[in-house]
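# Residue-level structure breakdown
So you can see what is in the structure, the chains are spelled out below.
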Amino acid sequence: MRLAGRFAVVTGASSGIGAAVAERLAREGCELLLVGRDPRRLGAVADRTGGRPLQADLRGQAGIDEVCAAAAGTVALLVHGAGLGAAGPLADLDAATTADLVAVNLTAPMQLTRALLPTLRAQDGHLAFVASIAAVGVADEAVYSATKAGLRGFADAVRVESGIGVTTVLPGAVDTPFFTHRGRAYERRFPRPVTAAAVADALVDAVRRDRAEVFVPRWLVLGARVHGLAPTIFARLSRRFG
Ligand SMILES: NC(=O)c1ccc[n+]([C@@H]2O[C@H](COP(=O)([O-])OP(=O)(O)OC[C@H]3O[C@@H](n4cnc5c(N)ncnc54)[C@H](OP(=O)(O)O)[C@@H]3O)[C@@H](O)[C@H]2O)c1
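None of these values were measured; they are calculated from a predicted model.

Across its full length, the protein carries 9 helices and 9 strands. Taking 242 residues into account, the globule formula puts the C-alpha radius of gyration at 18 Å, and the protein, at 17 Å, falls close to it. Counting only C-alpha atoms, the protein reaches 50 × 35 × 30 Å along its principal axes. Sorting the 242 residues of the protein into buried and exposed places 50% on the buried side. By sequence separation, contacts in the protein at least 24 residues apart represent 67% of the contacts at least 6 residues apart. In the protein, 28 side chains carry a positive charge and 22 a negative one; their mean positions are 6 Å apart.

Below, the structure written as structure tokens:
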């Protein structure tokens, strides 16, 4: 996909991966609509990128509709970067957090994609989803894992059905405020977190080359392949090594 001069919408643009994607797309010459909730952080990214900030809460249809109204007719690249995590045993997760995870990580990308697909088709555009390696199923992140597996399946279906380019990015741990926002630090010694800029570079390069999936770091693809070929062995290894 040619990026210069195209109009891109980035959700989650106020922080972490979304902010890094916005900065990379600005360098590529995209015009940007930056979607987030925190006005101060969103404004700072707008200052750095020249993008237009849009405050919208993606937990509800009203926020989704605001993004659609601002993007319909012109969007050529839609990057689904907004998301939240939750860690801990499933039985300890409260109902409201469970609903928020599904709403922001899965329902909002589906609703935005559904509503903006006619424009993306007309623009010969592209969709990018920020999923996670957790899509293979991670202990103590059951609902988060389910939202990311759902997002990956949704992207796969839209890729086949829509005729436009669809890229799914599956990062491992990334050094962003994600862990502070979810209320539990990243505790594993391995794999080491990568930078948000590395994820943004991988996403933009994959969009350019119309690649279906990209893992960051790349070797994480091995885990996904073992999971696909031998889920029982994968679960045993996962229990053993975490
Ligand atoms: N960090 C990691 O290790 C990691 C690994 C794999 C995948 N991911 C995925 O990468 C994506 C970005 O995460 P990140 O690491 O950049 O985390 P982050 O720094 O916490 O950023 C999350 C972004 O999502 C937005 N967001 C959250 N709830 C929202 C809501 N209700 N309405 C609208 N926007 C909302 C936030 O906006 P406000 O702050 O303005 O509310 C923020 O811009 C997520 O989908 C996450 O699941 C992260």
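Attention now goes to the site of the ligand. Taken together, 32 residues lie around the ligand, and S14, S15, Y144, T176 and H181 are the ones closest in. Here the ligand has 890 Å² of accessible area as a free molecule, and 96% of this is covered by the chains. When residues of the shell around the ligand are traced back to their parent elements, those giving at least two are helix 1 (16-27), helix 5 (142-162) and helix 6 (178-182). With 3 residues, the single largest contributor to the shell around the ligand is helix 6. Among the residues forming the shell around the ligand, the class breakdown is 15 nonpolar, 11 polar and 6 charged.

Another point: the UniProt feature "domain: Ketoreductase" (unreviewed entry) in the protein. UniProt tags residues 6-177 as "domain: Ketoreductase" (unreviewed entry). As annotated, residues 6-177 comprises 48% helix and 19% strand, and the C-alpha atoms at either end are separated by 29 Å.

This next bit is on the environment of A128. When you line up the elements, A128 lands in strand 5 (residues 126-130). By relative accessible area, A128 is classed as buried at 0%. Remark: the alpha-carbon pair of A128 and T168, spanning 40 residues in sequence, is separated by 5.8 Å. Among residues more than four places away in sequence, those in contact with A128 are L78, V79, H80, T167, L203 and V207.

Between its first and last C-alpha atoms helix 4 (residues 95-122) spans 40 Å; for 28 residues at 1.5 Å apiece the expected length is 40 Å, and the two agree. At L116, helix 4 shows its maximal bend, which comes to roughly 55°, and the proline P118 appears one to four places after that position. Backbone nitrogen of A96 and a side-chain oxygen of the N-cap are separated by 3.1 Å at the start of helix 4; the cap is D94. Looking one or two residues beyond helix 4, the residue adopting positive phi is D124, at roughly 50°.

This part takes up the packing of helix 3 (residues 61-71) against helix 4. For the pair helix 3 and helix 4, interaxial distance at closest approach is 10 Å and the crossing angle is 25°. Compared by their axis directions, helix 3 and helix 4 come out roughly parallel. At the point where helix 3 passes helix 4, the crossing takes the right-handed sense. Together, Q61, I64, V67, C68 and A71 of helix 3 and A108, Q111, L112, A115, L116 and T119 of helix 4 make up the contact between the two elements.

A surface patch of nonpolar side chains, about 380 Å² in accessible area, is lined by V226, I233, L237 and F241. By relative accessible area, which is 33% here, V226 ends up partly exposed.

A few words on the nonpolar core. Formed by 38 residues in total, the largest nonpolar core has its most connected members in V9, V67, V75, L78 and L127. Those elements that place two or more of their residues in this core are strand 1 (7-11), strand 2 (31-36), helix 3, helix 4, strand 5, helix 5 and strand 6 (165-171). Here this core takes 7 residues from helix 4, the largest share from any one element. Each residue touching L127, except ones within four places of it in the same chain, is listed here: L78, H80, T113, L120, V158, I164, G165, V166 and T167. Membership of the second largest hydrophobic core comes to 33 residues, among which are A20, L34, V169 and A200.

Right, let's talk about the side chain of S14 for a bit. Its place among the elements puts S14 in the loop between strand 1 and helix 1. With sequence-adjacent residues up to four places away left out, S14 is seen in contact with A19, V35, G36, R37, D38, R41, L42 and V45.

Conventions used here
- Residues numbered from 1 in each chain as written.
- Predicted model: local features only at pLDDT ≥ 70, side-chain atom pairs only at ≥ 80, totals over all residues.
- Heavy atoms only, no water.
- Helix = DSSP H or I, 4+ residues; strand = E, 2+ residues; numbered from the N terminus.
- Rg over C-alpha atoms; globule rule 2.2 N^0.38 Å.
- Buried < 20%, exposed > 50% of the residue type's maximum accessible area, 1.4 Å probe, protein only.
- Contact = heavy atoms within 4.5 Å.
- Lys, Arg positive; Asp, Glu negative; His and termini not counted.
- Charge placed at Lys NZ, Arg CZ, Asp CG, Glu CD.
- Near = heavy atom within 4 Å.
- Areas by Shrake-Rupley, 256 points an atom, 1.4 Å probe, with all protein chains shown as cover.
- Nonpolar A, V, L, I, M, F, W, Y, C, P; charged D, E, K, R; others polar.
- UniProt positions renumbered as here; feature names shortened; annotations may be inferred.
- Expected span 1.5 Å × (residues − 1).
- Bend = angle between axes of the 7 residues up to and from the residue.
- Polar contact = N/O pair within 3.5 Å; in protein donor to acceptor, adjacent residues only side chain to side chain.
- Axes fitted to C-alpha atoms, helices over the stretch in contact; angles between N-to-C directions.
- Parallel < 35°, antiparallel > 145°, perpendicular 65-115°, else oblique.
- Left-handed = near helix turned anticlockwise from the far one by under 90°.
- Patch = residues over 30% accessible without salt bridge, like charges linked within 9 Å, V, L, I, M, F, W, Y side chains within 5 Å.
- Salt bridge = Lys/Arg side-chain N within 4 Å of Asp/Glu carboxyl O.
- Core = buried A, V, L, I, M, F, W, Y, C linked by side-chain atoms within 4.5 Å.

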